[in-house]
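Summary of structural features
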Amino acid sequence: MALLPTASALSQTLENVRARVRRAAERAKTNPNDIDILAVTKTLPPERVLEAWDLGLWQFGESRVQESERKIDSLRGRFPEDRRPRWHLIGHLQTNKARKALEIFDCVQSVDSLKLLQLLDKESGRRAQPVSCLVEVKVSEEPAKQGLPLENLSAFLEQATRFPFVRIEGLMGVAPLFDRPEQTRPYFRQLKKLFDRHRALFQSDKPILSMGMSADFEIAVEEGATMVRLGTALFGNRS
Ligand SMILES: *Cc1c(COP(=O)(O)O)cnc(C)c1O
């Protein structure tokens, strides 16, 4: 039988990850308390969400609408009403799943087209409930990567202000995969530059720059991430 990491193992791992975030923030001379850890729970069973929540994690990331719907449904009633977790969609959203996504997620981090933005606005309007979004920017040259071409960002954000039911709170980005994490630095630096340049257009007191995953989150924090998205660093390898 395979050994599952126990809750206390997660507690140790989390402590260690938090220390690494803190040290990276100190190197960057930013406040470690301003950096959120998004626990990426894709492929994991709901029990792991509960364990993580018990340890103080309260923001969770999922990649697929269908998988998260089942998971989140099975967790209904397990959290106090005033301390519900916040769910973020970090995977690509197909337009035919936009309506369902709004029933499940508090924040859509993967907005990368005007068509999707328009649809989210229409559906959120129907619900009379604005949705938080991040714009996913494509900083990598890899053809398969999702995201809005970075040269389109200014025009996109200007247009986004016309949609009353989507609140663009910041940017999200994924660096290419490298052998050495250090190689991701220029991509994160570029995202931070775009983030700073467009700060006035984000509809939040505390705009979000979501960048950095398990392999490269310390570099991302050093370059100014306000949110890191961690799966394997917290929960081990996904099967
Ligand atoms: C899966 C995923 C993550 C987490 O990846 P890890 O390497 O396991 O930390 C973060 N962001 C996105 C967009 C993902 O799809």
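Please refer to the structure placed before this passage.
How each quantity is defined
Residues numbered from 1 in each chain as written. Predicted model: local features only at pLDDT ≥ 70, side-chain atom pairs only at ≥ 80, totals over all residues. Heavy atoms only, no water. Buried < 20%, exposed > 50% of the residue type's maximum accessible area, 1.4 Å probe, protein only. Helix = DSSP H or I, 4+ residues; strand = E, 2+ residues; numbered from the N terminus. Pairing = 2+ DSSP bridges. Right-handed = clockwise from strand over helix to strand, strands pointing away. Near = heavy atom within 4 Å. Polar contact = N/O pair within 3.5 Å; in protein donor to acceptor, adjacent residues only side chain to side chain. Areas by Shrake-Rupley, 256 points an atom, 1.4 Å probe, with all protein chains shown as cover. Nonpolar A, V, L, I, M, F, W, Y, C, P; charged D, E, K, R; others polar. Salt bridge = Lys/Arg side-chain N within 4 Å of Asp/Glu carboxyl O. Phe/Tyr/Trp six-rings, centres within 6.5 Å; stacked < 30°, edge-to-face > 60°.

Some points on the pairing of strand 4 (residues 107–111)
For strand 4, the tally of buried residues reaches five of five residues, placing the bulk of the element in the interior. Across two bridges, strand 3 (residues 86–89) lies against strand 4 in parallel orientation. Of the residues in strand 4, the one forming a bridge with L89 is V108. Where the polypeptide runs from strand 3 across helix 4 (residues 98–104) and back to strand 4, its parallel neighbour, the crossover connection is right-handed. Sheet analysis places strand 4 next to strand 5 (residues 131–138), joined by three bridges and oriented parallel. Residue C107 lies in a different strand from strand 5, and its bridge partner there is S132. For the crossover from strand 4 across helix 5 (residues 114–127) to strand 5, the handedness is right-handed.

Comments concerning the site of the ligand
Residues in close proximity to the ligand include V40, K42, S63, I90, M213, S214, R229, L230, G231, T232 and R238, which together make up its full environment. A distance of 2.5 Å separates an oxygen atom of the ligand from a polar side-chain atom of S214. For the ligand, whose accessible area on its own is 390 Å², the fraction buried by protein is 86%. Of the residues assigned to the shell around the ligand, the class counts are four nonpolar, four polar and three charged.

Quick word on the pattern of salt bridges
Scanning the model with the defined rule gives 17 salt bridges in all. Two residues, K100 and E69, come together in a salt bridge whose shortest N-O distance is 2.8 Å. Pair noted here: K100 is in helix 4 and E69 is in helix 3 (residues 65–74), with a separation of 31 residues, a long-range link. The class for K100 is partly exposed, based on a relative accessible area of 30%.

Quick word on the packing of aromatic side chains
For any pair of aromatic rings, the description consists of the separation of the ring centres together with the inter-plane angle of the planes. Evaluated as defined, the whole model comprises four aromatic pairs. Seen in terms of ring centroids, F60 and W87 are 5.3 Å apart; in terms of plane orientation they differ by 35 degrees. Their pairing is tilted. Within this pair, whereas F60 is found in strand 2 (residues 59–62), its partner W87 is found in strand 3, the two being separated by 27 residues in sequence. Ring geometry for F195 against F202: centres 5.5 Å apart, planes inclined by 25 degrees, an arrangement best described as stacked.

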